[in-house]
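Structural overview for review
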Amino acid sequence: MADIKKHDTPMVDELKGGPWPSFVDDIYSYAEKHQKQACFDLMGQLELSYKHKETHWKHGGIVGVFGYGGGVIGRYSDQQDKFPAIWAFHTVRVNQPASKWYHSSALRKLCEMWDHRGSGMLNTHGSTGDLVLLGTVTEQLEPIFFDLTHQMNMDLGGSGSNLRTPSCCVGKARCEWSCIDTQALCYDLTMTYQDELHRPAFPYKFKFKISGCPNDCVAAIARADLSIIGTWIDDIRIDQEAVRAYVGGELKPNAGAHSDRDWGPFDIQKEVIDLCPTQCMHWDEKEKKLYINNKECNRCMHCINVMPEALRPGTDTGATILMGAKAPILDGAQLSTVIVPFMRLEPPYDNLKELIEKTWDFWMENGKNRERLGELIQRIGLNRFIVDVLGLKPIPQHVREPRSNPYVFWKEEEVEGGWDRDVAEFRKRHPA
Amino acid sequence: MSDKVYEEIQNTQLDEIFSKPYDPELAEKLYNPQKPMENRITDIGPPHYAQFFPPVIKKNYGKWVSHEIIQPGVIKYKSETGDVVYAVRVGCARLVTTDYIREVCEIADKYCDGYVRWTTRNNIEFHVTDEEKLRALLDDLKGRKFPNGSYKFPVGGTGASVTNIVHTQGWVHCHTPAIDASGVVKAVMDELFDYFGSHKLPAQVRIALACCLNMCGAVHCSDIAILGIHRKPPLVEDDRLQHVCEIPLVVAACPLGAIKPATVEIDGEKKKTVRVNKERCMFCGNCYTMCPAMPLADGEGDGIAILVGGKISNRISPPKFSKLVIPFIPNEPPRWPTTVKWIKKILETYAQHARKYERLGEWAERIGWERFFELCEIPFTEKSIDDYRLAYDTYRTSLHFKFTSHVEPM
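Residues numbered from 1 in each chain as written. Chains lettered and ligands numbered in written order. Predicted model: local features only at pLDDT ≥ 70, side-chain atom pairs only at ≥ 80, totals over all residues. Heavy atoms only, no water.

On to the overall build of chain A. Secondary structure assignment for chain A yields 15 helices and 14 strands. Judged by the C-alpha coordinates and their principal axes, chain A covers about 95 × 75 × 45 Å. In chain A, which comprises 432 residues, the share counted as buried stands at 60%. A sequence separation of at least 24 residues applies to 64% of the contacts in chain A between residues at least 6 apart. (Helix = DSSP H or I, 4+ residues; strand = E, 2+ residues; numbered from the N terminus. Buried < 20%, exposed > 50% of the residue type's maximum accessible area, 1.4 Å probe, protein only. Contact = heavy atoms within 4.5 Å.)

Printed below as a string of structure tokens:
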């Protein structure tokens, strides 16, 4: 351990100060305590990147564990002479437990393994949701996998053209608004599709994200090829007494979210009724009663967010299924689009799985290399995807507004008499 | 709620495997490179979530009725059973060490029977069931600092605050970034620290960072997005390209058809390679993703674009994309002062002018983007006018605009 080499990192060191948790201080403390060369080298390489304003990681490198086509990302330094301890510095994605609850016994054991077999650095968590172990060498990959599966009952997450690790919000475990069992569904889908998660067979990545309500805390609508967002189809539950308590100033609006600024006394008209996007609410000042025309409500949840003690989602619950979100590469960013406005979701979720498998079959058959589902839907047309591929009935909920151009791709069978016509007959009626 | 799900949760116990000590030699005994399938366990998936639920969470699954943020960072949830739980939310750097995780475990053991969770936005949440423990936990968290004084566990990130920044790897661990991630996030959060631990804003402000256009951080629907961009077309390594790239895939990877196959002669040897029509390049980097012989990274060329006004939630207005307001800020490690300055300026202008509940994008739409640029004193440039696909959607095709300082009568 005597030959530990430390690097001068004056720029990186400037990130030790300030109030926000300093990753630099954390990594250096760990490096000193455990005499971990990889940590010193990582900070050294980061300093070089700060100097050059360029990354010093090489492009790719295919590594993995036997039988899996994902879960490990190969990473090599382009400064192997300077920073030999990170010349290979692969990432291991560990599939997180749904909604990221842990017990210290599990985390401690994982930490021991990672001290032993890796850099001791990790991400809690990666953007997709995995627990990301950051930095190990190729020879350690199989032992890490054996440790995870034999000693921790854990498994790898997805990467590459696989199903990516599904993720979900905290759901009914700790939220009164969740309209579906997000963890149960997330776990079920993850287990059902282990093969798709571990062995690449798709044109590109595919993400499932599950939020319990339209507040969408896991950003399903922006990030997932298949977005499952809980909602309700009946009426918002109202506790009129609690509404009056808000109006009377006894309860803090928005659960106290605005507590550090004086916004004046709560005004239900201004803060709830007038902000309702469908104008479906009415506060009767004389009766001291809130009325909601639920038929016209679009479930934006503003009123529920403002008065959580008084209003709750209905009890006939399920989810809206949307598809096709992605980041900008290549044709620009897409939000998911409504496919099934309301689906009841109870184990074993056969209705959802049928939809998923139908979608995958079509995408795997027709998707181009690295074409996300959302791009394929655009290429063939949402109408064709809904009607011809999924066999669903087209409804106004599928669009924000009807098309404004008249270029309908009529099919021959839709047109009386078909398309085969006799030009001689035509010219008899219309001499040229 | 499904009774089946509730019952399954009640019956799930913490896996005993975690209480057995870690054996650092076991894997080498089990793994046989000659027979790779021997002793191999595959496709077991993640541990069942319910074993990690604290007792109060397990018991009250699906029974929660309401919540209240009793102070920034502390949310009290009430159950129909009469139980309550306090969730204490703390910021986390995301890039952490096992020693940090062990400290999290120590806190969880001391106050929370060992249970802890992470949020989607990289915050940590500790759960306690009585006020006395809550006060002790909060006191304890406040006192824990790194050697140079930064908080290990700053409490906040609830309500009308700036919560933790969702971000990517940057120069710490990625091969395509145009910027660092952890360093920029640290610099921004140091400056906005007061907004993390307070409820002073009109609504929550979600900041996200992606270190290149691949956007692993999905920043495209954030109130404030920090995006790493390239501005120089890819280099082409003619002598190496045919050995490391599939040329048809590289050609197909360009969304603008700016890459063509080519043949060159190097030392009398014909080499297959590509040529890039540089005028057409939009610097997306998709070619480099496909081909290591086409690097884009450049210390002068790369930097930060700021996009604002996106949101995810369906609350009041539908989810929306963030819009490009500052096309380029140079990389300024280690503390990115220009980026930090603009983010603070945008945040505080919003805080000063927006109405209660109004998200940044809703505010900008209400006052008009022309007014947004004027109030934030951001110079408007032609680079904020879309010229990619569907650009027409953003053209002004009405007389509904305001006469801000941008208008010079002709």
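Attention now moves to the sheet that holds strand 11 (residues 303–308) of chain B. All names here are of chain B. Read from one edge to the other, the open sheet built from 4 strands follows the order 7-8-11-12, with strand pairing classed as mixed. The sheet terminates laterally at strand 7 (207–210) and strand 12 (323–330), the two strands that pair on one side only. Averaged over all neighbouring strand pairs, the angle between strand axes comes to 20 degrees, with direction disregarded. Relative to strand 11, strand 8 (residues 224–229) is paired through 6 bridges, and the arrangement is antiparallel. Looking across to strand 11, one finds that isoleucine 224 is bridged to valine 308. Sitting on the sheet, helix 13 (residues 369–376) is in contact with strand 11 and strand 12, with an inclination near 35 degrees to strand 12. (Pairing = 2+ DSSP bridges. Axes fitted to C-alpha atoms, helices over the stretch in contact; angles between N-to-C directions.)

Let us now look at the state of the cysteines. Residue and element names in this part refer to chain B. Within the structure shown, the criterion is met by 1 disulfide over all chains. Paired through a disulfide, cysteine 245 and cysteine 291 show a sulfur-sulfur distance of 2.0 Å. An S-S torsion of about 70 degrees defines the bridge between cysteine 245 and cysteine 291 as right-handed. Of this pair, cysteine 245 sits in the loop between helix 8 (238–244) and helix 9 (247–253) while cysteine 291 is found in the loop between helix 10 (286–290) and strand 11, placing the two residues 46 residues apart along the sequence. (Disulfide = S-S within 2.5 Å.)

Below, the discussion takes up the interface of chain A and chain B. Contacts between chain A and chain B engage 145 residues on the former and 151 residues on the latter. Our count for the contact surface shared by chain A and chain B stands at 11 salt bridges. Notably, a salt bridge pairs arginine 117 of chain A with glutamate 28 of chain B, separated by 2.8 Å at the nearest N-O pair. The interface formed by chain A and chain B includes 87 residue pairs in polar contact (both at pLDDT 80 or more). Of the residues in the side of chain A that touches chain B, the class split is 65 nonpolar, 44 polar and 36 charged. Bridge count for strand 4 (residues 121–124) of chain A against strand 4 (residues 95–97) of chain B is 3 bridges, and the pairing is antiparallel. Bridge pairing in strand 4 of chain B places methionine 121 of chain A opposite threonine 97 of chain B. (Salt bridge = Lys/Arg side-chain N within 4 Å of Asp/Glu carboxyl O. Polar contact = N/O pair within 3.5 Å; in protein donor to acceptor, adjacent residues only side chain to side chain. Nonpolar A, V, L, I, M, F, W, Y, C, P; charged D, E, K, R; others polar.)

Before going further, it helps to examine the pairing of strand 3 (residues 84–90) of chain B. Residues and elements named next belong to chain B. Of all 7 residues in strand 3, 6 are buried; the element is thus mostly enclosed. Hairpin connection of strand 2 (residues 74–79) to strand 3: 4 residues between the antiparallel strands, including glycine 82 at a positive phi of 95 degrees. One ladder, built from 5 bridges, connects strand 3 with strand 6 (residues 124–128); its direction is antiparallel. If you follow arginine 89 over to strand 6, its bridge partner there is glutamate 125.

All names here are of chain A. Where helix 13 (residues 373–380) meets helix 14 (residues 382–389), the axes come as close as 6 Å, and the angle between the chain directions of the two elements is 95 degrees. The orientation of helix 13 with respect to helix 14, classified from their angle, is roughly perpendicular. Packed against helix 13, whose contacting residues are Leu373, Ile377 and Ile380, the element helix 14 presents Leu382, Arg384, Phe385 and Val389 at the interface. Considered class by class, the residues forming the contact of helix 13 with helix 14 number 6 nonpolar, no polar and 1 charged. (Parallel < 35°, antiparallel > 145°, perpendicular 65-115°, else oblique.)

Glancing now at the side chain of threonine 404 of chain B. All names here are of chain B. Looking at the secondary structure, you find threonine 404 in the segment after helix 13. Within the structure, threonine 404 has its side chain in polar contact with the side chain of histidine 406 (distance 2.8 Å). Discounting chain neighbours no more than four positions away, the residues touching threonine 404 are Glu370, Arg371 and Glu374.

As a further point, take the nonpolar core. Core analysis: the biggest nonpolar cluster contains 116 residues, and Ile228 and Leu352 of chain A together with Ile124 and Phe126 of chain B have the highest contact counts within it. When residues in this core are grouped by element, the largest group, 7 residues, is from helix 4 (residues 98–111) of chain B. Sequence-distant contacts of leucine 352 of chain A, defined by excluding residues within four places in its chain, comprise Leu185, Leu189, Leu226, Ile228, Ile321, Met343 and Leu345 of chain A. The next biggest cluster of nonpolar side chains, apart from the first, holds 75 residues, and it includes Leu134 of chain A together with Leu95, Val188 and Leu192 of chain B. (Core = buried A, V, L, I, M, F, W, Y, C linked by side-chain atoms within 4.5 Å.)

We now examine the pairing of strand 8 of chain B. Residues and elements named next belong to chain B. Across the 6 residues of strand 8, 6 count as buried, placing the element largely inside the fold. Residues Ile224, Ile226 and Gly228 of strand 8 are buried on one face, and the alternating residues Ala225, Leu227 and Ile229, pointing to the opposite face, are buried as well. In this sheet, strand 8 lies alongside strand 7 in parallel orientation, the contact comprising 4 bridges. In the sheet register, alanine 210 faces strand 8, and the bridge partner there is leucine 227.

For the coordinates displayed, the defined rule picks out 49 salt bridges over all chains. For the salt bridge of glutamate 271 of chain A with lysine 356 of chain B, the shortest nitrogen-to-oxygen distance reads 2.9 Å. Of this pair, glutamate 271 of chain A sits in helix 10 (residues 268–273) while lysine 356 of chain B sits in the loop between helix 11 (337–353) and helix 12 (360–367), which puts the two residues in different chains. The class for glutamate 271 of chain A is buried, based on a relative accessible area of 5%.

What follows concerns the packing of aromatic side chains. Under the criterion given, the structure shown has 40 aromatic pairs over all chains. Between the aromatic rings of tyrosine 100 of chain B and phenylalanine 153 of chain B, the centroid separation amounts to 5.1 Å while the plane-to-plane angle is 25 degrees, which identifies the pairing as stacked. Residue tyrosine 100 of chain B is found in helix 4, and its partner phenylalanine 153 of chain B is found in the loop between helix 5 (131–143) and helix 6 (182–191); the two are separated by 53 residues along the sequence. Ring pairs connect the aromatic residues Tyr193, Phe202, Phe206, Phe208, Trp360 and Trp363 of chain A, which therefore count as one cluster. Looking at lysine 63 of chain B, its charged tip hangs above the ring of tyrosine 6 of chain B, at a distance of 4.8 Å from the centre. Over the aromatic face of phenylalanine 328 of chain B sits the side chain of arginine 231 of chain B, whose NZ or CZ is 3.3 Å from the ring centroid. (Phe/Tyr/Trp six-rings, centres within 6.5 Å; stacked < 30°, edge-to-face > 60°. Lys NZ or Arg CZ within 6 Å of the ring centre and 35° of its normal.)

What follows concerns the side chain of glutamine 183 of chain A. Within the secondary structure, glutamine 183 of chain A sits in helix 6 (residues 182–192). At 2.8 Å, the side chain of glutamine 183 of chain A forms a polar contact with the side chain of serine 99 of chain A. Non-local contacts of glutamine 183 of chain A, meaning those with residues more than four positions away in its chain, are made with Ala98, Ser99, Trp101, Cys168, Cys169, Val170, Gly171, Lys172 and Ala173 of chain A together with Tyr49, Phe53 and Tyr61 of chain B.

Attention shifts here to a negative patch on the surface. Residues and elements named next belong to chain A. Taken together, Asp350, Glu354, Glu357, Asp361 and Glu365 make up a surface patch of like negative charges. With respect to the helices and strands, the residue glutamate 357 is situated in helix 12 (residues 350–366). In this structure glutamate 357 comes out as partly exposed when scored by relative accessible area, which is 35%. (Patch = residues over 30% accessible without salt bridge, like charges linked within 9 Å, V, L, I, M, F, W, Y side chains within 5 Å. Areas by Shrake-Rupley, 256 points an atom, 1.4 Å probe, with all protein chains shown as cover. Lys, Arg positive; Asp, Glu negative; His and termini not counted. Charge placed at Lys NZ, Arg CZ, Asp CG, Glu CD.)

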